[in-house]
Each structure stands twice: as structure tokens, then as C-alpha cells.
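Survey of secondary and tertiary structure
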Amino acid sequence: MIAIISDSHDNLPALRQMVAIFNELSCSLVIHAGDFVAPFAARELRRLRCPLRAVFGNCDGEKQGLITAIEGGGLIQDAPYEFSVEGLKIHLRHIPLAPETDLIARSDIDVYIFGHTHKPSIASKGRLLILNPGEAGGWLTGKSSYLLLDPKTKKATLHYL
């Protein structure tokens, strides 16, 4: 199982709960689509028992601090970030593409993940799975959300704390 979050915006209680859930589920990877905000919040993700892959969001100003905060347990870099995991090619960014047509036309991308909007969504266009986990922080909507992706079936489910 792969866990996907975005826009945690320094909400330490929500991050702690999510880390506990992801560890209990034995997730193989956690993906963060940006906007940790401060390095102290990103340090919470070092308690994960699986790797973390992430991109910087538009509110992530202290980039070196974030890199250091997750060092040893994960990787964070500028978007877009493309990588393969468990048979899936993933395109990760914070701010969504408008429109996604370039990715739809690419036959090598299986999953497109973005954040920024704070609105969770699961959609498909052709063979491309398009995912937005919403907001882990829950500051705008009052709901902290995350996605779980089964890489074998390529099915994603939305969950709330």
C-alpha cells in the first residue's frame, strides 16, 4: 500500500496520526505532494517505517531545512518529480498542470499526483490515474485527508482522520 498526502501545513497532530496509521498498515511508501511548510513538521515523517518521496510546494520556503529534516528517511526535491515504484510510473508535483493533456498523451505515466488545491479527488483519463489527496493539515476544510493507493490494482481510496 502506498500512502499519499499533501498540504500538511505544520499540523503536527494530524501528521502524527497519519504516521501511526501508515506504519500500522505497513505502507511501502509515503508520497507527499508539497507544502510541509516548516522543517519541524517534516521531522514527524522520520518516524515512518517506509521511505518518503516528496516535492516542494509553494509554501515550502526553507528548502535546505526540509531536506535535512527528512534526510535518512526520504527524498524531497523540486517538482516535477518522476519515479517508478512497484510497477507504476508516477509523476508528482505540487501545483497541478492545466490541463493534464500532456500527461494523458504520455504512455509511460501511470499515476499523476498533485496537491495545492486542498480538494481531494480521484479521477481517470484513459489509462492515467489522477490523484489529489486533499489537505493533510485540514486547516481550510476542517478535514484532514489522505489517499491509499494499491499499486497492484491501481485503485485509490480517500480517507479522513
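The coordinates are above.
Throughout, a residue's number is its position along its own chain's written sequence, starting from 1. Only residues with pLDDT of at least 70 get local features here, since the model is predicted, and only at 80 or more are side-chain atom pairs given and counted; chain-wide, interface and lining totals rely on the full set of residues. Side-chain numbers come from the whole structure's heavy atoms, not from hydrogens or water.

This paragraph deals with the packing of aromatic side chains. Put simply, two rings from Phe, Tyr or Trp (the six-membered ring, in Trp's case) pair if the centres are within 6.5 Å, and we call them stacked under 30 degrees between planes, edge-to-face over 60, tilted for the rest. On inspection of all chains with the given rule, the structure shows three aromatic pairs. Here the aromatic rings of Y81 and F83 are separated by 4.8 Å at their centres, their planes lie at 40°, and the arrangement is tilted. Note on classification: 1.4 Å probe, protein chains only; a residue is buried when its accessible area is under 20% of the maximum for its type, exposed when over 50%, partly exposed between these limits. Accessibility expressed as a relative area gives 6% for F83, which makes it buried. For a ring to carry a charge above it, either NZ of a lysine or CZ of an arginine must fall within 6 Å of the ring centroid while also lying within 35 degrees of the normal to the ring plane. Its end group placed over the ring of Y160, K143 keeps NZ or CZ at 5.7 Å from the ring centre.

We call a set of buried residues a nonpolar core when its members are Ala, Val, Leu, Ile, Met, Phe, Trp, Tyr or Cys and they connect through side-chain atoms within 4.5 Å of each other. The biggest cluster of nonpolar side chains holds 25 residues, and the ones touching the most others in it are I5, F22, V30, F36, L45, L48 and I76. In DSSP terms, a helix is any run of H or I states spanning at least four residues, a strand is any run of E spanning at least two, and both are numbered starting from the N terminus. Listed by contribution, the elements that provide at least two residues to this core are β1 (2–5), α1 (12–24), α2 (39–42), β3 (52–55), α3 (63–70) and β10 (145–150). Per-element accounting of this core gives the leading share, five residues, to α1. Contact criterion: two residues are considered in contact whenever any of their non-hydrogen atoms come within 4.5 Å of each other. If we ignore the near neighbours within four places in the chain, the residues touching I76 are F36, A54, V55, F56, L66, I67 and I70. Among the nonpolar cores identified, the runner-up in size contains 19 residues, and I2, V55, V85 and L88 belong to it.

Glancing now at the sheet that holds strand β4 (residues 74–77). By this definition, two strands are paired if DSSP reports at least two bridges between them. The six strands lie next to each other as β4-β3-β2-β1-β10-β11, forming an open sheet whose pairing is mixed. Each edge of the sheet is formed by a strand with only one pairing partner; in this case those strands are β4 and β11 (155–160). The average angle at which neighbouring strand axes cross in this sheet is 20°, direction not considered. Judged from the four bridges that link them, β3 and β4 form a sheet pairing that is parallel. Looking at β4, one finds that R53 is bridged to L75. Packing against the sheet, α1 makes contact with β1, β2 (29–32) and β10, and its axis sits at approximately 20° to β10. In this analysis an axis means a line fitted to C-alpha atoms, helices contributing only their contacting stretch, and an angle means the value between N-to-C directions, from 0 to 180 degrees. Where α3 meets the sheet, it contacts β3 and β4, and its direction lies at approximately 165° from that of β4.

This brings us to the pattern of salt bridges. By salt bridge we mean one thing: a side-chain nitrogen of Lys or Arg within 4 Å of a carboxyl oxygen of Asp or Glu. All told, the structure shown has five salt bridges when counted by the stated rule. R47 serves as the salt-bridge partner of E44, at 3.0 Å between the closest nitrogen and oxygen. Assessed through its relative accessible area of 13%, E44 is described here as buried. Measuring nitrogen to oxygen at the nearest pair gives 2.6 Å for the salt bridge that ties R127 to D110. Of this pair, R127 sits in the loop between β8 (121–125) and β9 (128–132) while D110 sits in the loop between α4 (101–105) and β7 (111–113); the two residues are 17 residues apart in sequence, bridging distant segments of the chain.

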